[in-house]
Amino acid sequence: MNVGRAKEILESADMINVTYEGTPVIIQHVDEASKMARIYSKTEPEHEQDVPVLNLIEE
C-alpha cells in the first residue's frame, strides 16, 4: 500500500479491511516522512506497533 492510500483509509468513515502479515488491523496513524504506520490488531487492540506502510494490504 502507498502512504496516500493509507491516509485515505485512516480518514475514511467506512470500515476498510486492511491486513498486516495476514492479520486484520486498524490504522491509527500514518507518518508520511518515514512511510510508517501505527497499527493495532482487531483481536489485540492493546498491541500497537509501527510498521512500513508498504507491508499493509487492502483487502
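Definitions and limits used
Residues numbered from 1 in each chain as written. Predicted model: local features only at pLDDT ≥ 70, side-chain atom pairs only at ≥ 80, totals over all residues. Heavy atoms only, no water. Helix = DSSP H or I, 4+ residues; strand = E, 2+ residues; numbered from the N terminus. Buried < 20%, exposed > 50% of the residue type's maximum accessible area, 1.4 Å probe, protein only. Polar contact = N/O pair within 3.5 Å; in protein donor to acceptor, adjacent residues only side chain to side chain. Pairing = 2+ DSSP bridges. Axes fitted to C-alpha atoms, helices over the stretch in contact; angles between N-to-C directions. Contact = heavy atoms within 4.5 Å. Arc of directions from axis to C-beta.

Considerations on the side chain of Thr19
Piece 1. Tracing the backbone through its elements, the reader meets Thr19 in strand 1 (residues 18–20).
Piece 2. By relative accessible area, which is 11% here, Thr19 ends up buried.
Piece 3. A distance of 3.0 Å separates polar atoms of two side chains, one belonging to Thr19 and the other to Glu59.

Looking at the sheet that holds strand 5 (residues 56–58)
Piece 1. Read from one edge of the open sheet, five strands run 4-3-2-1-5, paired in antiparallel fashion. At either margin of the open sheet sits one strand with a lone partner, and together these are strand 4 (48–52) and strand 5. For this sheet, the mean angle separating the axes of adjacent strands, direction not counted, is 50°.
Piece 2. Both strand 3 (residues 36–41) and strand 4 contribute to a ladder of five bridges, which runs antiparallel. Each residue of the ladder has a partner; that of Tyr40, found in strand 4, is Glu48.
Piece 3. Packing of helix 1 (residues 3–11) onto the sheet brings it into contact with strand 1, strand 2 (23–31) and strand 5, and relative to strand 2 it is tilted by some 105°.

Some points on helix 1
Piece 1. Of all the residues in helix 1, the buried ones are Val3, Ala6 and Ile9. Viewed end-on, helix 1 has its buried residues packed into an arc of 120°, placing them on one side of the element.
Piece 2. The inward-facing, buried residues of helix 1 contact strand 1, strand 2 and strand 5.
Piece 3. Two to three positions downstream of the cap, the backbone nitrogen of Gly4 sits 3.1 Å from a side-chain oxygen, assigning the N-cap of helix 1 to Asn2.

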